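Chains, contacts and geometry: an overview
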Amino acid sequence: YAAAELRADREVVLEAVRQDGLALQYAAAELRADREVVLEAVRKNGLALKRATPELRADRAVVLEAVRQNGQALVDAAAELHADREVVLEAVRQDPRAFEHATAELRADREVVLEAVRRKAHALVHAAAELRA
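For the structure given in this document, a descriptive report is provided here.

Calculation rules
Residues numbered from 1 in each chain as written. Predicted model: local features only at pLDDT ≥ 70, side-chain atom pairs only at ≥ 80, totals over all residues. Heavy atoms only, no water. Axes fitted to C-alpha atoms, helices over the stretch in contact; angles between N-to-C directions. Helix = DSSP H or I, 4+ residues; strand = E, 2+ residues; numbered from the N terminus. Parallel < 35°, antiparallel > 145°, perpendicular 65-115°, else oblique. Left-handed = near helix turned anticlockwise from the far one by under 90°. Contact = heavy atoms within 4.5 Å. Nonpolar A, V, L, I, M, F, W, Y, C, P; charged D, E, K, R; others polar.

**Considering the packing of helix α4 (residues 35-44) against helix α6 (residues 60-69)**
- For the pair α4 and α6, the least separation of the axes is 7 Å and the interaxial angle reads 15°. One finds that α4 runs roughly parallel with respect to α6. Classified by chirality, the crossing of α6 by α4 is left-handed. Between α4 and α6, the contacting residues are Arg-35, Val-38, Leu-39, Val-42, Arg-43 and Lys-44 on the first element and Ala-61, Val-62, Glu-65, Ala-66 and Gln-69 on the second.
- Grouping the amino acids of the contact of α4 with α6 by side-chain chemistry returns six nonpolar, one polar and four charged.

As structure tokens, this is what we get:
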């Protein structure tokens, strides 16, 4: 593990997250709140979103980058983004299992359901009842 001063060094942390996005977990708190650092991390590994600050987990652009890399990053996005159609569609395109984390409204959206089911038929289980009938 790196010394505290290295974990707070922006250049060192940027290089680390470019190699492995999950290295964000070792960064100093102020760098986990740095939008550029977090964007680099989630581009490498979308699951790094979990280690970002709540403000950045609510940042639509950051979350879009994360779910494009790993659809399961939707789990760690702010709740309001689970209702964002574009964010959910991107997540589902990357990993249809992300569909279960969409809001009920989006699980009743025919286009979103189709996207999920095209990628994984079992996703239908999470669709609104009226679309399963």
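Additional details are given in the paragraphs that follow.
**Notes on the packing of α6 against helix α7 (residues 85-94)**
- As a packed pair, α6 and α7 sit with axes 7 Å apart at the nearest point and diverge in direction by 15°. For the element pair α6 / α7, the angle class is roughly parallel. Pair α6 / α7 crosses with left-handed handedness. Only Glu-86, Val-87, Glu-90, Ala-91 and Gln-94 of α7 make contact with α6, whose side of the interface consists of Arg-60, Val-63, Leu-64, Val-67, Arg-68 and Gln-69.
- For the contact of α6 with α7, the per-class residue count stands at five nonpolar, two polar and four charged.

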